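Chain and residue survey
The chain contents come next:
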Amino acid sequence: MEQRARDGDEDLKPNTRTHTSVIDAWAKSGERGAAARAEHILKSMQTQYNGGNSLVKPNAHTFNAVMNSCAFTKIDEDRAEALKIAFRVFDWLMSRSDMHPDAYTFTIMLSVCANLLPKDDQQRRFSHAQSLFEKCCQAGH
């Protein structure tokens with residue numbers, strides 16, 4: 001799609017929705033490295049947007065799709081990295097002045113904690129859940 005747009009096909013110019021859909025497809029793929037690929041697409045979108053392509057500005061749905069790809073990582077070897085990616089993307093979204101997390105953002109992050117934090121580390125699981133709940137309340141959700 002990107003190549004055809006570069007070749008002049010204006011009807012196939014990727015935008016925020018198409019990129020977010022690809023991220024969502026990675027989230028549902030169950031493939032090894034899906035969360036890392038999703039984060040790469042988000043970073044690529046931000047780079048393109050910073051370079052003047054307003055069609056690919058990431059939005060909260062885009063960030064949520066990346067975090068969702070982390071929450072449902074199925075490959076054991078990817079779980080630790082997916083956890084890091086989820087919190088990195090969440091922190092990035094929280095730090096932005098041009099967009100804010102929505103209620104779904106916090107739901108996804110609770111799923112990240114439930115699915116990726118070790119089951120036997122109850123203190124860490126509780127601490128993260130409590131922090132997310134407090135941030136959710138502060139955000140008005």
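Figured I'd write up the structure that's included with this text. Since the model is a prediction, treat every value here as computed from it, not as a measurement.

Now for the pattern of salt bridges. In the structure shown here, the tally under the stated rule is eight salt bridges. Measuring nitrogen to oxygen at the nearest pair gives 2.6 Å for the salt bridge that ties D24 to K28. Of this pair, D24 and K28 both sit in helix α2 (residues 16-29), four residues apart, which is roughly one turn of the helix. The exposure class of D24 is partly exposed, given its relative accessible area of 27%. With relative accessibility at 62%, the residue K28 sits in the exposed group. For K57, the salt bridge identified is with D98, shortest N-O distance 3.4 Å. Here D98 lies in the loop between α5 (79-95) and α6 (103-116) and K57 lies in the loop between α3 (34-50) and α4 (60-71), a separation of 41 residues in the sequence. Classification of K57 by relative accessible area gives partly exposed; the value is 27%. Here the salt bridges do not stand alone but share partners, grouping E39, K43, E81 and R88 into one network.

Summarising the element assignment, F133 is placed in helix α7 (residues 122-138). Note: C-alpha distance between F133 and L12 (121 residues apart in sequence) is 41 Å.

Attention shifts here to the packing of α5 against α7. Orientation of α5 relative to α7, taken along the N-to-C sense of each, is 20°, at an axis distance of 14 Å. In terms of orientation, α5 lies roughly parallel with respect to α7. For α5 against α7, the interelement crossing comes out left-handed. Where α5 abuts α7, its residues L83, F87, F90 and M94 lie against R124, H128, L132 and K135. When its residues are assigned to classes, the contact of α5 with α7 shows five nonpolar, one polar and two charged.

Applying the stated rule across the entire model yields two aromatic pairs. Ring geometry for F90 and F106: centres 5.9 Å apart, planes at 75°, overall edge-to-face. Residue F90 is found in helix α5, and its partner F106 is found in helix α6; the two are separated by 16 residues along the sequence. An identical accessibility class is assigned to F90 and F106; each is buried.

Basis of the calculations
- Residue numbers run consecutively from 1 along every chain, following the written order of its sequence.
- Under the rules for a predicted model, residues below a pLDDT of 70 receive no local features and side-chain atom pairs below 80 are neither given nor counted, while totals for whole chains, interfaces and linings still include all residues.
- Excluded from the side-chain calculation are hydrogens and water; included are all heavy atoms of the structure.
- The working definition used for a salt bridge is a side-chain nitrogen of Lys or Arg within 4 Å of a carboxyl oxygen of Asp or Glu.
- A run of H or I in DSSP becomes a helix once it reaches four residues, and a run of E becomes a strand once it reaches two; helices and strands are each numbered from the N terminus.
- Note on classification: 1.4 Å probe, protein chains only; a residue is buried when its accessible area is under 20% of the maximum for its type, exposed when over 50%, partly exposed between these limits.
- Inter-axis angles, ranging from 0 to 180 degrees, are taken between N-to-C directions of lines fitted to C-alpha atoms, where helices are fitted over the stretch in contact.
- Throughout, the term roughly parallel applies to angles under 35 degrees, roughly antiparallel to angles over 145, roughly perpendicular to angles from 65 to 115, and oblique to all others.
- For any pair of crossing helices, the crossing counts as left-handed if the nearer helix is rotated counterclockwise from the farther one by less than a right angle, and right-handed if it is rotated clockwise.
- Any two residues whose heavy atoms approach within 4.5 Å are treated as being in contact.
- Asp, Glu, Lys and Arg are counted as charged, while Ala, Val, Leu, Ile, Met, Phe, Trp, Tyr, Cys and Pro are counted as nonpolar; the rest, among them Gly, fall into the polar class.
- Whether two aromatic rings pair depends on their centres lying within 6.5 Å, for rings of Phe, Tyr and Trp, where Trp uses its six-membered ring; planes under 30 degrees apart make the pair stacked, over 60 edge-to-face, and the rest tilted.

Nothing here speaks to function; it is geometry throughout.
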